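Architecture and fold: a report
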Amino acid sequence: LADGPLRGRHVLVTSGPTHEPIDPVRYIANRSSGAQGTALARALATLGARVTFVTGPASVPPPEGVTVVRVETAREMLAAVEAALPADAAVFAAAVADWRVASASTHKMKKEAGAVALEFAENPDILATVARRTEGRPRLVVGFAAETNDVVAHATAKRARKGCDWIVANDVSPGTGIMGGTENAVTLITSGGAEDWPRMGKDMVARKLAERIAAALA
Ligand code: C5P
């Protein structure tokens, strides 16, 4: 809606996993459906934002009405994010692989060669890179934190470590059904403290978060 509260605002959203090649047919990745990032991009667009949606290979289709930039690796995601700036707000919902294979093979590795050992190199932290920019930092930088225990403590530490404004923390312990599911139970960590939201659909989390982002940018 062109007349929503985010009209005239540019919001960047990262979503989905990244795939880090081992060879042309194999990769390593984190588990991520892209559902929460996709819902969030849709909710932001509904409030009138111009949304750039930088997505790894997700299992849900991207929303309508946003600019979709498809990437595969963490390094491609960082480059796409930097190319999309400036933005008024940036939300990092992607499950970025922390490591890539140091020297991916350009040809298919043969199993007849027997056991292999892979060497990993650290990937750039896209959220921290953007949050720590001295020039052209989005006014609001939001990260996600998937935790299995001590959710608030870990997420609060993460907020400080990454230099972002908000962390949306969620409990992804096995048994919650959150990972890959349709519901989410989040805690919003801001400079004001921790706010527990009741368990609700990922679409509703997205709408509430989009409204908070609109209020913060108003
Ligand atoms: O450190 P951790 O991976 O738990 O942090 C999660 C947050 O950082 C998420 O917002 C994720 O999108 C972002 N992130 C990133 N680049 C990385 C790793 C995480 O943007 N390489």
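Residue numbers here run from 1 along each chain, matching the order of that chain's written sequence. Only residues with pLDDT of at least 70 are given local features in this predicted model, and only at 80 or more are side-chain atom pairs given and counted; all residues enter the totals for whole chains, interfaces and linings. Processing note: side-chain calculations cover all non-hydrogen atoms of the structure and skip hydrogens and water entirely.

In the nomenclature of an unreviewed UniProt entry, the chain corresponds to Coenzyme A biosynthesis bifunctional protein CoaBC from the organism Wenxinia marina DSM 24838.

Describing the nonpolar core
Side chains of nonpolar character tend, in soluble globular proteins, to be buried together. Note the cut-off: Put simply, a nonpolar core is a bunch of buried Ala, Val, Leu, Ile, Met, Phe, Trp, Tyr and Cys residues held in one set by side-chain atoms that sit within 4.5 Å of each other. With a 1.4 Å probe rolled over the protein chains alone, any residue whose accessible area is under 20% of its type maximum counts as buried; one over 50% counts as exposed, and the rest are partly exposed. Strands are runs of DSSP state E lasting at least two residues, helices are runs of H or I lasting at least four, and both sets are numbered from the N terminus onward. Contacts between residues were defined by any pair of non-hydrogen atoms, one from each residue, lying within 4.5 Å.
Counting 33 residues, the largest nonpolar core has Leu 44, Val 51, Leu 209 and Ile 213 as the members making the most contacts within it. For this core, the elements supplying multiple residues, two or more each, are strand 1 (10-15), helix 1 (35-46), strand 4 (50-55), strand 6 (89-92), strand 9 (140-147), strand 10 (166-171), strand 12 (186-190) and helix 5 (202-217). Of the residues forming this core, the biggest block, 7 residues, is contributed by helix 5. Once residues lying within four places of it in the same chain are set aside, the contact partners of Leu 44 are Leu 6, Val 11, Val 13, Ala 49, Val 51, Ala 210 and Ile 213.

Section: helix 2 (residues 74-84)
Operational definition: Arc, as used here, means the arc of the directions from the helix axis to the C-beta atoms.
Within the sequence span of helix 2, burial applies to Ala 74, Met 77, Leu 78, Ala 80, Val 81 and Ala 84. Mapping the buried residues of helix 2 onto a view down its axis gives an arc of 165°, with all of them on the same face. Projecting away from the buried face of helix 2 at angles above 90 degrees are the exposed residues Arg 75 and Ala 83. Elements that come into contact with the buried residues of helix 2 comprise strand 1, strand 2 (19-23), strand 4, strand 5 (67-70), strand 6 and helix 3 (126-131).

Points about the side chain of Ser 33
The line we're drawing: Any pair of nitrogen or oxygen atoms within 3.5 Å is treated as a polar contact; in protein, a donor-acceptor pairing is required on top of that, and neighbouring residues in sequence qualify only through side-chain atoms on both sides.
Mapped onto the fold, Ser 33 is located in the loop between strand 3 (26-29) and helix 1. Of the polar contacts made by the side chain of Ser 33, one reaches the backbone nitrogen of Ala 35; its length is 3.1 Å.

Some thoughts on the site of the ligand
This is how it is decided: One heavy atom suffices: a residue is near a molecule or strand as soon as one of its heavy atoms comes within 4 Å of it. Method for areas: the Shrake-Rupley scheme with a 1.4 Å probe, in which residue coverage is limited to the protein chains shown. Under the scheme applied, nonpolar residues are Ala, Val, Leu, Ile, Met, Phe, Trp, Tyr, Cys and Pro; charged residues are Asp, Glu, Lys and Arg; polar residues are all the others, including Gly.
Phe 92, Ala 94, Val 96, Asp 98, Pro 124, Asp 125, Ile 126, Leu 127, Gly 143, Phe 144, Lys 158 and Lys 162 make up every residue found near the ligand. Leu 127 is positioned such that a nitrogen or oxygen atom in its backbone is 2.8 Å from an oxygen atom of the ligand. Between an oxygen atom of the ligand and a side-chain N or O atom of Lys 162, the distance comes to 2.9 Å. Its free accessible area being 450 Å², the ligand has 86% of it covered by the protein chains. At the level of secondary structure, the elements contributing two or more residues to the shell around the ligand comprise helix 3, strand 9 and helix 4 (151-162). When its residues are assigned to classes, the shell around the ligand shows 7 nonpolar, 1 polar and 4 charged.

Things to note about the pairing of strand 9
The cut-off we apply is this: When DSSP finds two or more bridges between a pair of strands, those strands are recorded as paired.
Strand 9 sits mainly inside the fold: 7 of its 8 residues count as buried. With 4 bridges joining them, strand 6 and strand 9 adopt parallel strand pairing. Each bridged residue has a counterpart across the sheet, and for Ala 89 the counterpart in strand 9 is Leu 140. In terms of strand pairing, strand 9 meets strand 10 through 6 bridges, oriented parallel. Bridged to Val 142 within strand 10 is Trp 166.

A look at the pairing of strand 13 (residues 193-196)
Note that strand 12 and strand 13 share 4 bridges and pair antiparallel. Of the residues in strand 13, the one forming a bridge with Leu 188 is Glu 195.

Observations regarding the sheet that holds strand 4
In plain terms, the rule: Axis definition: a line fit to C-alpha positions, over the contact stretch in the case of helices; interaxial angles, taken between N-to-C directions, run 0 to 180 degrees.
Strand order in this open sheet of 8 strands is 5-4-1-6-9-10-12-13, and the pairing throughout is mixed. Two strands close off the open sheet at either side, each with one partner strand: strand 5 and strand 13. Looking at each pair of strands side by side, their axes are set apart by 15° on average, direction ignored. Pairing between strand 1 and strand 6: 4 bridges, direction parallel. Bridged to Val 13 within strand 6 is Val 91.

Quick word on the packing of aromatic side chains
The line we're drawing: Each Phe, Tyr or Trp ring, with Trp reduced to its six-membered ring, pairs with another whose centre is within 6.5 Å; inter-plane angles below 30 degrees give stacked pairs, above 60 give edge-to-face pairs, and intermediate values give tilted ones. Whether a charge sits over a ring comes down to the Lys NZ or Arg CZ being within 6 Å of the ring centre and within 35 degrees of the ring normal.
One pass over the structure, following the stated rule, counts 0 aromatic pairs. The positively charged end of Lys 208 is found above the aromatic ring belonging to Trp 197, 4.5 Å away from the centroid.

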